[in-house]
Amino acid sequence: MPANPSEAAAPYAGTAATGPKPMTLHRLRAMRDSGQPVAMLTAYDAASAALLDDCGVDCLLVGDSLGMVMQGHASTLPVSLEQMAYHVGCVARAARRAWVLADLPFGSYQADAAQAVRSAVTLMQAGAQMVKLEGGGWTAPVVAALVERGIPVCAHLGLTPQSVHALGGYRIQGRDASGAQLLQRHARELAAAGAAMLVLELVPSDLAAAVSAEYPGICIGIGAGARTHGQVLVLHDMLDITLGPKPRFVRNFMQGAASVREAVQAYVRDVKAGVFPDEALHGYAA
Ligand code: KIV
């Protein structure tokens, strides 16, 4: 019999009386409402997930960037749903406190809402607590179908890497007035459909700030300036072990750190203190 009987009764990892209080959507919303920035990083394996979780990273994104980082592809397009589910399981088994969200990969939700629900169920059963999908407009009814079925959704606007060929490369989005207006309209539609979180990638910081100010959920920026509710980076980018050129908005957190743990702690500290990104160096001006 354990010293604390509630430990034996705890049905989920991280809910034992002695463990860290698990992150929930409710707590993430409270952080947003009280102006506490949310720190998110990608994770693809159990050891990294455990370290990130221990360092206070609030959200672990099992991103389809694993296609480039782990698999060596030139884009995220070749990643399959089965591969995503495998990595979600690896991360979810190690996470004690952090909120785990996972990308629906290219081709797993584009056909219709029924396909999206089936794919999301696969990732949720592998251990995800939220799924992320890219794009605006046609995605709003898909988001609504998922949310109606109890599946929390993170939307993703701006540079959407699954559309790299349509966008003509990894380039800043929403720079001109019509692009900015379209992105704002898409954000409103996704909010109305119930997307609790929104990633804004590679958009001018003034646009990201305007979207964040009116979005009812949690806006997470990447290359979108400092005025979102939180930040995300690809782990390998901020540890400076990226294959190929690193995006300009990335800071090498290994600089001045004696270990990976120290680099991740510095990231969490700087995001929470609002000093990463520094818009002049690592953000995008209007
Ligand atoms: O796949 C990924 O890692 C992402 C982040 C870049 C936001 O979508």
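Attention here is on the structure that accompanies the text. As the structure is a prediction and not an experimental result, all values here were calculated from the model.

## Quick look at the overall build of the protein
Within the protein, the secondary structure is distributed over 13 helices and 8 strands. Relative to the globule expectation of 19 Å for 286 residues, the C-alpha radius of gyration of the protein, 18 Å, shows essentially globular dimensions. Taking the principal axes of the C-alpha coordinates as reference, the protein spans close to 65 × 50 × 40 Å. Expressed as a percentage of the 286 residues in the protein, the buried residues total 53%. In the protein, once contacts between residues fewer than 6 apart in sequence are set aside, the share between residues at least 24 apart is 61%. For the protein, the exposed surface amounts to about 12100 Å²; the carbon and sulfur share of it is 56%. Looking at the protein, you have 21 positive and 23 negative side-chain charges, and the mean spots of the two groups are 3 Å apart.

## Points about the side chain of Asp53
As for its position among the elements, Asp53 is in helix α3 (residues 46-54). No salt bridge is formed by the buried Asp53. Its closest oppositely charged neighbour is Arg96, at 5.3 Å. Separated by 2.8 Å, the side chain of Asp53 and the backbone nitrogen of Arg96 make a polar contact. Excluding anything up to four places from it in sequence, Asp53 contacts Ala95, Arg96, Arg97 and Ala98.

## Some remarks on the packing of aromatic side chains
Inspection of every chain in the model, using the stated rule, returns 4 aromatic pairs. Between the aromatic rings of Tyr109 and Trp138, the centroid separation amounts to 5.9 Å while the plane-to-plane angle is 15°, which identifies the pairing as stacked. Taken together, the positions of Tyr109 in the loop between β3 (99-103) and α6 (113-126) and Trp138 in the loop between β4 (130-134) and α7 (139-148) put the pair 29 residues apart, joining distant regions of the chain. Look at Trp138 and you get partly exposed, because its relative accessible area is 41%. Of the aromatic side chains, those joined through ring pairs into one cluster are Phe253, Tyr267 and Phe276.

## Details of the site of the ligand
What surrounds the ligand is the set Thr42, Leu61, Gly63, Asp64, Ser65, Asp103, Lys132, His156, Glu201, Ile222 and Val234. Between Asp64 and the ligand, the recorded distance is 3.1 Å, taken from a side-chain N or O atom to an oxygen atom. In this structure, an oxygen atom belonging to the ligand sits 3.0 Å away from a side-chain N or O atom of Asp103. Considered on its own, the ligand offers 260 Å² of accessible surface; in the complex 96% of this is hidden by protein. In terms of residue class, the shell around the ligand is built from 3 nonpolar, 4 polar and 4 charged.

## Observations concerning the pairing of β3
Counting buried residues in β3 gives 5 out of 5 residues, a clear majority hidden from the surface. Side chains Trp99, Leu101 and Asp103 of β3 all project onto a buried face; the interleaved residues Val100 and Ala102 project onto the opposite face, where all are buried too. Here strand β2 (residues 59-62) pairs with β3 via 4 bridges, running parallel. Pairing of Cys59 across the sheet is with Trp99, part of β3. In the sheet, β3 pairs with β4 via 3 bridges, with the strands oriented parallel. Residue Asp103 lies in a different strand from β4, and its bridge partner there is Lys132.

## Regarding the nonpolar core
Judged by nonpolar contacts, the single largest core of 93 residues is most densely connected at Leu28, Leu123, Met197 and Tyr267. Not counting the four nearest positions on each side in its chain, Leu123 is found in contact with Leu81, Met84, Ala85, Val88, Ala102, Asp103, Leu104, Ala128 and Val131.

## Overview of unusual backbone geometry
Cis rather than trans, the peptide bond between Phe276 and Pro277 has omega equal to 0°. When you line up the elements, Pro277 lands in the loop between α12 (260-272) and α13 (279-282). One non-glycine residue with positive phi stands out, namely Leu202, at about 50°. The residue Leu202 is located in the loop between β6 (197-201) and α10 (205-214) in this model. Despite not being glycine, Asp240 shows a phi value in the positive range, around 60°. With respect to the helices and strands, Asp240 occurs in the loop between α11 (235-238) and α12.

## Examining the pattern of salt bridges
This model, assessed by the stated rule, comprises 13 salt bridges. Put simply, Glu214 and Arg188 hold a salt bridge, and the shortest N to O gap is 2.7 Å. Taken together, the residues span a long stretch of sequence, with Glu214 in helix α10 and Arg188 in helix α9 (residues 177-193) at a distance of 26 residues. Given the relative accessible area of 44%, Glu214 is considered partly exposed. The partly exposed category is assigned to Arg188, whose relative accessible area is 43%. Between Asp270 and Arg269 there is a salt bridge whose closest N-O contact spans 3.3 Å.

The rules we used
Residues numbered from 1 in each chain as written. Predicted model: local features only at pLDDT ≥ 70, side-chain atom pairs only at ≥ 80, totals over all residues. Heavy atoms only, no water. Helix = DSSP H or I, 4+ residues; strand = E, 2+ residues; numbered from the N terminus. Rg over C-alpha atoms; globule rule 2.2 N^0.38 Å. Buried < 20%, exposed > 50% of the residue type's maximum accessible area, 1.4 Å probe, protein only. Contact = heavy atoms within 4.5 Å. Areas by Shrake-Rupley, 256 points an atom, 1.4 Å probe, with all protein chains shown as cover. Lys, Arg positive; Asp, Glu negative; His and termini not counted. Charge placed at Lys NZ, Arg CZ, Asp CG, Glu CD. Salt bridge = Lys/Arg side-chain N within 4 Å of Asp/Glu carboxyl O. Polar contact = N/O pair within 3.5 Å; in protein donor to acceptor, adjacent residues only side chain to side chain. Phe/Tyr/Trp six-rings, centres within 6.5 Å; stacked < 30°, edge-to-face > 60°. Near = heavy atom within 4 Å. Nonpolar A, V, L, I, M, F, W, Y, C, P; charged D, E, K, R; others polar. Pairing = 2+ DSSP bridges. Core = buried A, V, L, I, M, F, W, Y, C linked by side-chain atoms within 4.5 Å.

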